[in-house]
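# Understanding the architecture of this molecule
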Amino acid sequence: MEKLKKILISYAVPIAFSILCVSAVLVAQIPPIFLASEIVRRLSRNTFLVLSLIIPIIGGLGLNFGIVLGAMAGQAALFFVVDWKIKGLVGILVACLMAGAISVVLGWLAGLTLNRAKGREMITSMILGFFANGIYQLIFLFFVGSLIPFRTKQFLLPEGVGLRNTVDLYGTVASALNNPWMIRIGTVRLFVLPLLIVAGLCLFITLLFKTKLGQDIRAVGQDMHIAEVAGINVNKVRVIAIIMSTVFAAIGQVIYLQDIGTINTYNSHEQIGLFSIAALLVGGATTRKATIWNAILGVVLFHTLFVVAPSAGNRLFGQPQVGEFFREFLAYAVIAFALAMHGWRAKKILM
Amino acid sequence: MQYALEMRNISKSFYGNQVLKNVNIAVAAGEVLGLVGENGAGKTTLMNILFGMPVIHSTGGFEGEILINNEHVNIDSPRRAMEYGIGMVHQEFMLIPGFTVTENIKLNREITKDNLLSKVFGKSLRTLDFPAMRKEARQAISTIGMSIEELAVVAGLPVAHKQFIEIAREIDKKNLKILVLDEPTAVLSEAEAEKLLDTIRYFAKRGVAIIFISHRLSEVLKVSDRITILRDGVVVDSKPSSSFTVSEIAEKMVGRKLENVVLPPRAKEPSDEDIIMSIRNLKVYMPGEMVKDFSIDIRRGEILGIGGLAGHGKLGVANGIAGMFPAEGQVYFEGEPYRLNDPSYALRNGIVYLSEDRRGVGLLLDESVEMNIAATAIEAFGSFTRRFLFMTVYDRKKIREHALEMIKKLDIRCKSPTQTVRRLSGGNQQKVCLARAFTLNPKILFVSEPTRGIDVGAKKLVLDYLVSMNREHGITIVMTSSELAELRSICDRIAIVAEGKLSAVLPPKASDAEFGLAMAGEFQEVLQHG
Ligand SMILES: Nc1ncnc2c1ncn2[C@@H]1O[C@H](COP(=O)(O)OP(=O)(O)OP(=O)(O)O)[C@@H](O)[C@H]1O
Ligand SMILES: [Mg+2]
């Protein structure tokens, strides 16, 4: 009995979401096949980004709101790939390499900053995200087309300086990962390449935590002081964890955007930070514990709700917008809940 | 003379408070140096300097020089210290609770093997070789004569095991040349401590220079070749141990003569007529300290001692009653059935428990001394609060008064009641723990190892205080301790636990032989046959 209670408590969030999802599906009366195909697609599209959050959590840095830095790097790289008209898989590869290089630098800077703010990593990474967003806007609103050459005039604002609100990838790298290898089961389409890449990252994370570096990350995550006394270079380990997370986020954003097909120049990265973190939490992760399975389960649950919320809202209130608001509200609520739990646990007085 | 380690003219201040003044110590290879001094004398600080601990360098470093094999060295981090072959068992545990025994022993010295990634990206991506790590961990554990499951997670283990894991970790270091043991025996029973002393001798034979810190002076005398005495950050004496006796060391440490604890008479002696708590067939599932079948009647107003060998369950009894570990059995408190497995129920009913694992039940290290003393009383009973308009607010004045009294009674060495607990020495942190439990005004006070890590002078104060709570306020006290002498000095009766069962209840005046038999669980037979 006691055990069951403990399990229920520790899985409270995923259980609550499962119930919510099932009821929403019932209300919305969405055909199961459609739902299945949507979920599979979103698994291949979003999981990589969500996985990028795991390493910093295990390293004791909490939720890395700084993945938006990686996402920005991914987008920036894509803009140039589009401008240089590099097509297909080569385009993706170039984008990933560029984005990776940029995010190593960004991750390194973020890591250094977080090392100066031990114990307040989450809020610091959030602020870093806002700060970086400012610079991003400066670059892509004022420098592109003026300081930074950009040939594809159709993506620039009428004055020839600054990117438009949307940049589309059709004709260049849109679906470049999805198309080469697709399996059709009935009406459900499986995009094998992105799924393989996700599986690759899962494998990498699993293997990482069987290596010396992984062990150091775990040790630092459990107790920085003890790790330091044992001679582990705590600051370096933390910087590495953040760099990895940022680089994976950058690649994840490239994967995400090639599937979506258009870049929301000034919004995509912000949204993706919010939704990835919410998805991971929905999967049962906390600010201190996260596994690959939390990520996968989280993507499934969170996106089921995404898919069905508008129709459920429509059926219940006669308005699809209600559903849209609802899911945004839920994303923020889950994050707020996790942060509150974090604060509460840190404060808890024993005895 | 060739010394393995010399520390010369070491001075250190924390925020303008000088805690070490021109301290000199030296140890040769294969020699054991005993380092003794009161709580707050500066022993740990001196060792932290040697080990390059972050707390030293974040508070402005130190003055003086360190020589290893007659060469000047600059130790600015624990990593550097380890490179010089220095190993340290810290006063507080340096074990990662969520890691297994093996992972802790091998922390940052993992055995690894190559893989594809590591060939490309370098050493840090080499795979851990768990079977090999496990083997070496097991070897290290068996070298000190213990049997601890090497795949167990450290968090749930008894404190004594944790201590031996720390020592196993140092044993496992192949390049060990200087070993510092900061109160390794504080959490051990006498038999276990003996085992540890053997390990120390074994190290010394291998040519390791050892610095041994302990408040158990007889141990220090037994194992050390030389003893250095610190008082208020100054070396007051340093001589071969053969030229000291225990009481001489004690006097030099505290700078005055020590008296025995006095036991004032009571108006009414406790008796079997008036039982405050009756325990029947208690079972407690505490790893390493299982209680299998324990029954006893606790008399109102007595001081009951619980003793026994480590691992036989003496620590389990109080833990079970207080709800810290799963327990079953029939317990009656003041004649009413008592609910087990519910810590808050125990506290509400005036049953206060002071755990032997003081780290586990955390002090609030970044809070002030006074708040730590008052915290549980505020939380549980709303003491030290008053109504102000529509709110309940802290009664700062009362808290301060009470804290000052406790500081005086237990001789807590702090600058003021507002100092944060983190900045106290280990022994003084222990005293804050005691003060917090004493503040709760219990009906029954269960204390485990009350004088652990506390110096000889303060030990007497703590025992005195327990006696005065008992005599003046009639509080029933159940004291668990691995130090028989301590039990005998203040208890009315001493219950000995062997193999999880009550083996005998003895008067404090019983002979050593009787206690020995009881601890071995053979007392009953003796009674029957002789
Ligand atoms: N981080 C710190 N900040 C400020 N003062 C400190 C700090 N650590 C220790 N002190 C002070 O330094 C003095 C010496 O402390 P130290 O821990 O070395 O004592 P100790 O001899 O090890 O005592 P114990 O037997 O209680 O462990 C104490 O007065 C203590 O309050
Ligand atoms: Mg100390």
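Residues numbered from 1 in each chain as written. Chains lettered and ligands numbered in written order. Predicted model: local features only at pLDDT ≥ 70, side-chain atom pairs only at ≥ 80, totals over all residues. Heavy atoms only, no water.

## Describing the domain arrangement of chain B
Residues and elements named next belong to chain B. Parsing chain B into structural domains produces domain 1 (1-85 + 175-258), domain 2 (96-172) and domain 3 (275-365 + 440-519). If you average the C-alpha positions of domain 1 and of domain 2, the two centres end up 27 Å apart. Listed as interface residues are 13 residues of domain 1 and, on the opposing side, 11 residues of domain 2. The largest contributions to the domain 1 side of the interface with domain 2 come from Val187, Lys195 and Thr199, which together make up 36% of the buried area. At the junction of domain 1 with domain 2, the criterion picks out one residue pair in polar contact (both at pLDDT 80 or more). (Domains from an automatic or database assignment. Contact = heavy atoms within 4.5 Å. Buried area = accessible area lost by both parts, 1.4 Å probe. Polar contact = N/O pair within 3.5 Å; in protein donor to acceptor, adjacent residues only side chain to side chain.)

## Some thoughts on helix H11 (residues 314-321) of chain B
Counting buried residues along H11(B), eight of its eight residues qualify, which places the element largely inside the surrounding structure. The first or second residue beyond H11(B) is Gly323(B), which carries a positive phi of 85°. (Buried < 20%, exposed > 50% of the residue type's maximum accessible area, 1.4 Å probe, protein only. Helix = DSSP H or I, 4+ residues; strand = E, 2+ residues; numbered from the N terminus.)

## Side note on the interface of chain B and chain A
The interface of chain B with chain A comprises 32 residues on the first partner and 22 residues on the second. Between chain B and chain A the total buried area reaches about 2600 Å² when both faces are included, carbon and sulfur atoms providing 67% of it. Where chain B packs against chain A, one counts two salt bridges. Across the pair Arg218(A) and Glu103(B) runs a salt bridge, and its minimum N-O distance is 2.8 Å. Connecting chain B to chain A are 11 residue pairs in polar contact (both at pLDDT 80 or more). Counting residues per element, the ones that place at least two in the side of chain B that touches chain A are helix H3 (78-83), strand E8 (127-128) and helix H13 (369-381) of chain B. Tallied by class, the residues present in the side of chain B that touches chain A amount to 18 nonpolar, nine polar and five charged. (Salt bridge = Lys/Arg side-chain N within 4 Å of Asp/Glu carboxyl O. Nonpolar A, V, L, I, M, F, W, Y, C, P; charged D, E, K, R; others polar.)

## Section: the packing of helix H15 (residues 426-438) of chain B against helix H16 (residues 456-473) of chain B
All names here are of chain B. At their nearest, the axes of H15 and H16 sit 12 Å apart, and the two run at 5° to each other. Comparing the axis directions of H15 and H16 gives the class roughly parallel. Facing H15, whose interface residues are Lys431, Leu434 and Phe438, H16 presents Ala458, Val462, Tyr465, Leu466 and Met469. (Axes fitted to C-alpha atoms, helices over the stretch in contact; angles between N-to-C directions. Parallel < 35°, antiparallel > 145°, perpendicular 65-115°, else oblique.)

## Digging into the coordination of the magnesium ion (ligand 2)
Here the magnesium ion (ligand 2) is held by the protein donor atoms Thr44(B) (OG1) and Gln91(B) (OE1), which lie 1.9 to 2.1 Å from it. In this pair, Thr44(B) sits in helix H1 (residues 43-50) while Gln91(B) sits in the loop between strand E6 (86-89) and helix H4 (101-105), placing the two residues 47 residues apart along the sequence. (Donors = N, O, S within 2.8 Å, 3.2 Å for Na, K, Ca; no water.)

## Some details on the site of ligand 1
Residues and elements named next belong to chain B. Within the structure, ligand 1 sits among 21 residues, and Thr44, Thr45, Gln91, Ser425 and Gly427 are positioned closest to it. Side-chain polar atom of Asn39 to an oxygen atom of ligand 1: 3.0 Å apart, as the coordinates give it. At 2.9 Å from an oxygen atom of ligand 1 is found a main-chain nitrogen or oxygen belonging to Gly42. For ligand 1, whose free accessible area comes to 640 Å², the fraction covered by protein is 91%. Taken together, the elements giving at least two residues each to the shell around ligand 1 come down to H1 and H15. Residue composition of the shell around ligand 1, by class: six nonpolar, 11 polar and four charged. (Near = heavy atom within 4 Å. Areas by Shrake-Rupley, 256 points an atom, 1.4 Å probe, with all protein chains shown as cover.)

## A word on the packing of aromatic side chains
Summed over the entire model, instances satisfying the criterion amount to 13 aromatic pairs over all chains. Taking the centre distance of 6.0 Å and the plane angle of 50° together, the rings of Phe275(A) and Phe302(A) count as tilted. Here Phe275(A), found in helix H12 (residues 268-282), pairs with Phe302(A), found in helix H13 (residues 292-317); they are 27 residues apart in sequence, far enough to count as distant. Pairing Phe438(B) with Tyr465(B) gives two aromatic rings, centres 4.9 Å apart and planes at 20°, and the pair type is stacked. Separated by 27 residues along the polypeptide, Phe438(B) in helix H15 and Tyr465(B) in helix H16 bring together distant segments of the chain. Owing to a relative accessible area of 12%, Tyr465(B) belongs among the buried residues under this scheme. What links up through ring pairs into an aromatic cluster is the set Phe48(A), Phe204(A) and Phe248(A). In this structure, Lys12(B) packs its charged tip against the face of Phe14(B), placed 4.8 Å from the ring centre. The residue whose ring lies beneath Arg423(B) is Tyr15(B), and the NZ or CZ to ring-centre distance is 3.9 Å. (Phe/Tyr/Trp six-rings, centres within 6.5 Å; stacked < 30°, edge-to-face > 60°. Lys NZ or Arg CZ within 6 Å of the ring centre and 35° of its normal.)

## Overview of unusual backbone geometry
Residues and elements named next belong to chain B. If you check the backbone angles, Glu183 has positive phi at about 50° while not being a glycine. Inspection of the secondary structure puts Glu183 in the loop between strand E9 (178-182) and helix H8 (190-205). Backbone geometry at Asn341 places phi at a positive 60°, although glycine is not the residue there. Along the chain, Asn341 falls in the loop between strand E17 (336-337) and helix H12 (343-348). The exposure class of Asn341 is partly exposed, given its relative accessible area of 42%.

## Looking at H13(B)
Residue and element names in this part refer to chain B. Over its 13 residues, H13 extends 19 Å from the first C-alpha to the last, a length consistent with the 18 Å expected when each residue adds 1.5 Å. The element H13 is extensively covered by neighbouring structure, given that 10 of its 13 residues are classed as buried. Among all positions of H13, only Val369, Glu370, Met371, Asn372, Ile373, Ala374, Ala375, Thr376, Ala377 and Ile378 are buried. Against the buried residues of H13 lie H12, strand E19 (385-388), strand E20 (391-394), helix H14 (396-409) and H15. The positive-phi residue at the C-terminal boundary of H13 is Gly382, with phi of around 65°. (Expected span 1.5 Å × (residues − 1).)

## Observations concerning the environment of Ile255(A)
Residue and element names in this part refer to chain A. With respect to the secondary-structure elements, Ile255 resides in helix H11 (residues 234-260). Relative accessible area serves as the criterion here: at 2%, Ile255 is assigned to the buried category. Ile255 sits 97 residues away from Pro158 along the chain, and the two C-alpha atoms are 29 Å apart.

## Thoughts on the pattern of salt bridges
Residue and element names in this part refer to chain B. All chains considered together, the criterion is met by 45 salt bridges over all chains. For Glu483, the salt bridge goes to Arg216, with nearest N and O atoms at 3.7 Å. Of this pair, Glu483 sits in the loop between strand E22 (476-480) and helix H17 (484-490) while Arg216 sits in the loop between strand E10 (209-213) and helix H9 (217-223), placing them 267 residues apart in sequence. Taken individually, Glu483 and Arg216 each receive the classification buried, so the pair is uniform in this respect. Through salt bridges with shared partners, a single network forms among Lys106, Arg109, Glu136, Asp172 and Lys174.

## Some points on a nonpolar patch on the surface
Residues and elements named next belong to chain A. Taken together, the side chains of Leu4, Ile7, Leu8, Tyr11, Ile15 and Ile19 define a hydrophobic patch exposed on the protein surface, amounting to about 570 Å² of accessible area. When contributions to the nonpolar patch are tallied by element, the ones reaching two or more residues are helix H1 (2-10) and helix H2 (12-28). With three residues, the top contributor of residues to the nonpolar patch is H1. (Patch = residues over 30% accessible without salt bridge, like charges linked within 9 Å, V, L, I, M, F, W, Y side chains within 5 Å.)

## A short note on the nonpolar core
Residues Leu163(A), Met47(B), Leu50(B) and Ile211(B) are the most contacted members of the largest nonpolar core, which totals 147 residues. If one sorts the elements of this core by residue count, helix H5 (residues 67-83) of chain A sits on top with 13 residues. Counting residues domain by domain, this core receives three or more from each of domain 1 (1-85 + 175-258) and domain 2 (96-172) of chain B. Those residues in contact with Met47(B), other than ones at most four positions away along the chain, are Ile25(B), Leu35(B), Met88(B), Val180(B), Ile211(B) and Ile213(B). Residues Ile378(B), Ala403(B), Leu463(B) and Met479(B) belong to the second largest nonpolar core, which totals 53 residues. (Core = buried A, V, L, I, M, F, W, Y, C linked by side-chain atoms within 4.5 Å.)

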